[in-house]
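A look at the structure
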Amino acid sequence: KYEKIWMGSGVGTLLIFLIVLGIGAFYQGTQPPSCMVTLDPTNVQAHEAFKEDNLGLQKLGEKEYTLNVLASAFNYDFGKDEDGNAVRTIRIPAGSKVMFQATTKDVIHGFQLAGTNVNMMLEPGYISTLETTLDNPGTYTLICNEYCGTGHHLMTATVEVY
Ligand code: CUA
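Read on for an overview of the structure. Being a predicted model, the structure only gives us computed values, none of them experimental.

Here's the deal with the overall build of the protein chain
Across its full length, the protein chain carries 1 helix and 11 strands. Seen in sequence order, the protein chain has helices and strands lined up from the N terminus as α-β-β-β-β-β-β-β-β-β-β-β. Expected size for 162 residues packed as a compact globule is a radius of gyration near 15 Å; at 22 Å, the protein chain overshoots this value by more than 25%. Taking all 162 residues of the protein chain together, the buried fraction comes to 35%. For the protein chain, the accessible area works out to roughly 9900 Å², and carbon and sulfur atoms hold 57% of it. Computed over 10 positive and 17 negative side-chain charges, the inter-centroid distance for the protein chain is 9 Å.

Right, dumping it as structure tokens:
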């Protein structure tokens, strides 16, 4: 008699386990995380968004931008300005809708715009994206919040919302 009860509870537990697994798989299948776009980690610049000319702030329309960023130890690459110097500061008009698109050339880096809701992890082989509206004027620091090596604490850039 007791054996039957044990059998029953065993099957019951198994069924609950399978249902939970099924629901989990269903939700993951229908709601993939935003960073599921993959690219070749050994040749990230083969991807359109990370070609030299497409890096940095791209204007899509009135107060609508895409910011393409290629991270590597210990730098955020926003492309070059007209003089051929690396862009260190991004200037965006307040109230702009910005789509952040970023990836890394080497190891995992963080991508946190302190004081905003922008906070992503950059993983080799994946494009991380996040869209937000930058409403409040100010000077924001982009920081790496994943330890990535000896220059980790130097890995910063500036975003100015004006
Ligand atoms: Cu890049 Cu820490």
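Describing the pattern of salt bridges
Summed over all chains, the structure comprises 3 salt bridges. The salt bridge involving Lys 80 is made with Glu 52; its shortest N-O contact spans 3.9 Å. Here the residue Lys 80 occupies a position in the loop between strand S4 (75-77) and strand S5 (89-92), and Glu 52 occupies one in the loop between strand S1 (37-38) and strand S2 (56-61), the gap between them amounting to 28 residues.

Here is what the cut-offs are and how they apply
- Residues numbered from 1 in each chain as written.
- Predicted model: local features only at pLDDT ≥ 70, side-chain atom pairs only at ≥ 80, totals over all residues.
- Heavy atoms only, no water.
- Helix = DSSP H or I, 4+ residues; strand = E, 2+ residues; numbered from the N terminus.
- Rg over C-alpha atoms; globule rule 2.2 N^0.38 Å.
- Buried < 20%, exposed > 50% of the residue type's maximum accessible area, 1.4 Å probe, protein only.
- Areas by Shrake-Rupley, 256 points an atom, 1.4 Å probe, with all protein chains shown as cover.
- Lys, Arg positive; Asp, Glu negative; His and termini not counted.
- Charge placed at Lys NZ, Arg CZ, Asp CG, Glu CD.
- Salt bridge = Lys/Arg side-chain N within 4 Å of Asp/Glu carboxyl O.

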